[in-house]
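Now for the letters of each chain:
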Amino acid sequence: MGALLATIGLTAFYGDAQALFGIDFELGAGEMVAVIGANGAGKSTFMKAVTGLVKTAPHGIRFAGEPIGGLPPGEIVKRGIALVPEGRRLFPSLSVEENLLMGGFSKRAGPWTMERLFKLFPILAQKRDQPATSLSGGQQQMVAIGRALMSNPTLLLCDELSLGLAPIVIKEIYDALPAICAEGMTVVIVEQDVAMAQQVSQRIYCFQEGRVSLHGRSSELTREQISQAYFGIGSEEAPHA
Amino acid sequence: MLETLIQGLLLGGLYCLFALGQSLIFGVMRLTNTAQGDFIILGAYAVIASLGALAISPWLIAVLLLPLAFGFGYGLQRQVLNSTLGRDPLPSLVVTFGLSIVIQNLLLQLFSADPRSIETEGFNTQSIALPGGISVGTLPLVILVLAVAATAALQWLFNRTHVGRAFRAVSDDKETAELMGLNAHHVYALATAVAFVLIALAGALQAMRTTVAPSDGPLLLLFAFEAVIIGGMGSFWGTLVGALLLGVTQQIGFRIDPGWGIWFGHIVFLAVLVVRPQGLFPKTRG
């Protein structure tokens, strides 16, 4: 059984600046994997590379057995990868409902419909006609997640769901994840909060300066291992040496 | 005074048609089309030339021209303008400015510098008598009605349809819209196509109401700009109000002295820029 998503020696650049230096990443169907790392470690670039927002070599990324590196974002979403972008990136001129409809633009069939989302996040049904960015931060994050789900992805990527949200709201958002995964959805979360990442995920990848500095089962990694990989301090063999 | 006001509103209707396409293109892709006026004149000459070749009603020709303008706008955006878009506004300004020069010289070469107009078999001289001894030109009234209808239609398209939702989404955040599967280049081309339908309509009506000459474009561009900026970027009703205000102000100027109309319009435009630089009805964002 092959991996759902695999990257082999994935590199990515912003102009002349290299952001990813050979990421090896593997994800099985139905898994929930967390990507952690400090600011600038390349987590968001990795998400953007997988969704086609950052151009990469064709064979750097394989999804469901096919090379997808460098395909346009619209083609990748049609194949079943959806991103909840960092900072939510809702459309301010569109209402909540219209934002969700935009998410369904690729018209992939599947269990997620507007009604289903309103059951998951009832508050959005009440606010469906309001401008999306007039909602509270947590509610906006629900719209962003809902918008990604509307494309009925096989793989859902969530970039920094907790960014700028109060702890109680973060808990509310994460409490919705099991209901989403129940459909057999494969999920990758990027998270700054290591404890949260360890708690919700089955496996963890830690990025540092555009490389994978650690990966393993969430339950088996120790705080020491993680903080070493996270900050790269006190490590005998620095990953970039 | 009432007559001046009415004449000003009628003139404003025409300016509104000049400006709506500009407002749409700027609103969707932040592209300033400096050839807007020249494309309007090109539309007028397209009707004039067709009228010479086919002996049918100018109204029918104008209507037949609209789908052609749609295709022309789509192709222009897809083949030329899309590659000028980016963070830097300069390439699109330079390219449309270049197109403006090309169109003016092409028209000069083909049609000479003589002013031309579209013969409407006397329709442009008909008028309707209103109580109080005021008479209103039938054609200017038709133009004003078309301007209001076009504004309403555009606002409806923008707010209530799938295409409009796509327009707003790419305008807000092109990258995220592409992440949803939209092809921004196609959406931009659709917006320009719609804008060119309005441009062709404006050109035909301008040449029916008065005369057109190959060098008229830049002045029409100026009126379009002023209407869009007075009204506030991103609202079509704002563009209509801006155009009507510009028309009324110019008409008041013309009444005081026949040479004062245009610069009276500029004064009001500058006053709005100073007092309310965001325009009268700026796009509200949450």
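Just so you know, these numbers come straight off a predicted model, no measurement behind them.

A. How the structure looks around the overall build of chain B. Secondary structure assignment for chain B yields 11 helices and two strands. Listed by position from the N terminus, the elements making up chain B come as α-α-α-α-β-β-α-α-α-α-α-α-α. Summarising its shape, the C-alpha atoms of chain B cover approximately 60 × 50 × 30 Å along the three principal directions. Taken over 286 residues, chain B has a buried fraction of 49%. Within chain B, contacts between residues separated by at least 24 positions form 75% of all contacts whose residues are at least 6 apart in sequence.

B. Representation of helix α3 (residues 58-79) of chain B within the structure. All names here are of chain B. With 22 residues, α3 extends 30 Å between its outermost C-alpha atoms, agreeing within 8% with the 32 Å of an ideal straight helix rising 1.5 Å per residue. By the largest-angle criterion, L66 marks the main kink of α3, which is about 30°, and a proline, P67, follows within four residues. Every buried residue of α3 is accounted for by A62, L65, A69, F72, G73, L76 and Q77. Tucked inside the fold, the buried residues of α3 contact α2 (36-53) and α8 (184-209).

C. Seen up close, the interface of chain A and chain B. The partner chain B presents 16 residues to the 22 residues of chain A that form the contact. Within the residue set of the side of chain A that touches chain B, elements represented by two or more residues are α2 (73-79) and α3 (96-103) of chain A.

D. Molecular detail of the nonpolar core. Counting 155 residues, the largest nonpolar core has L157 of chain A together with L17 and A204 of chain B as its most contacted members. Looking at this core, the element that brings in the most residues is α8 of chain B, giving 19 residues. Among residues more than four places away in sequence, those in contact with L157 of chain A are M47, V50, T51, I81, A82, L83, V84 and V188 of chain A.

E. Fine view of unusual backbone geometry. The phi dihedral of E209 of chain A is positive, around 50°, even though this residue is not glycine. By secondary structure assignment, the location of E209 of chain A is in the loop between β9 (203-208) and β10 (211-217). The partly exposed category is assigned to E209 of chain A, around which 17 C-beta atoms lie within 10 Å. One non-glycine residue, S112 of chain B, lies in positive phi territory at about 65°. Relative to the helices and strands, S112 of chain B is located in the loop between α4 (90-111) and β1 (127-130).

F. Local environment of the environment of A150 of chain B. All names here are of chain B. In this structure, A150 sits in helix α5 (residues 138-160). The exposure class assigned to A150 is buried, which follows from the 21 C-beta atoms found within 10 Å. C-alpha of A150 to C-alpha of I101: the two residues are 49 residues apart in sequence and 29 Å apart in space. The contacts of A150, once residues within four sequence positions are left out, are L17, L20 and L198.

G. Region of interest: the confidence of the model for chain A. Per-residue confidence for chain A averages 91 on the pLDDT scale, and 96% of its residues sit at or above 70. Across residues 235-241 of chain A, where pLDDT falls below 50, the model places eight contacts with residues more than four positions away in sequence or in other chains.

H. Region of interest: the sheet that holds strand β7 (residues 155-159) of chain A. Residues and elements named next belong to chain A. With mixed pairing, six strands are arranged side by side in an open sheet as β6-β7-β8-β3-β9-β10. Every other strand in the sheet has two partners, leaving β6 (81-84) and β10 as the edge strands with one partner each. Sheet twist, expressed as the average angle between the axes of neighbouring strands with direction ignored, equals 15°. In this sheet, β10 lies alongside β9 in antiparallel orientation, the contact comprising six bridges. If you follow F207 over to β10, its bridge partner there is V212.

I. Broad picture of the sheet that holds strand β1 (residues 5-14) of chain A. Residues and elements named next belong to chain A. Strand order across the open sheet formed by four strands is β2-β1-β4-β5, with antiparallel pairing between neighbours. The open sheet is flanked by β2 (17-27) and β5 (66-67), the only strands paired with a single partner. Bridge count between β1 and β2: eight bridges; the pairing is antiparallel. Paired with L10 across the bridge in β2 is I23. Relative to the sheet, helix α1 (residues 43-51) contacts β1, β2 and β4 (61-63), its axis offset from that of β2 by approximately 70°.

Parameters at a glance
Residues numbered from 1 in each chain as written. Chains lettered and ligands numbered in written order. Predicted model: local features only at pLDDT ≥ 70, side-chain atom pairs only at ≥ 80, totals over all residues. Helix = DSSP H or I, 4+ residues; strand = E, 2+ residues; numbered from the N terminus. Buried ≥ 20, exposed ≤ 12 C-beta atoms within 10 Å, placed from the backbone. Contact = placed C-beta atoms within 7 Å. Expected span 1.5 Å × (residues − 1). Bend = angle between axes of the 7 residues up to and from the residue. Core = buried A, V, L, I, M, F, W, Y, C linked by C-beta atoms within 7 Å. pLDDT = per-residue confidence, 0-100. Pairing = 2+ DSSP bridges. Axes fitted to C-alpha atoms, helices over the stretch in contact; angles between N-to-C directions.

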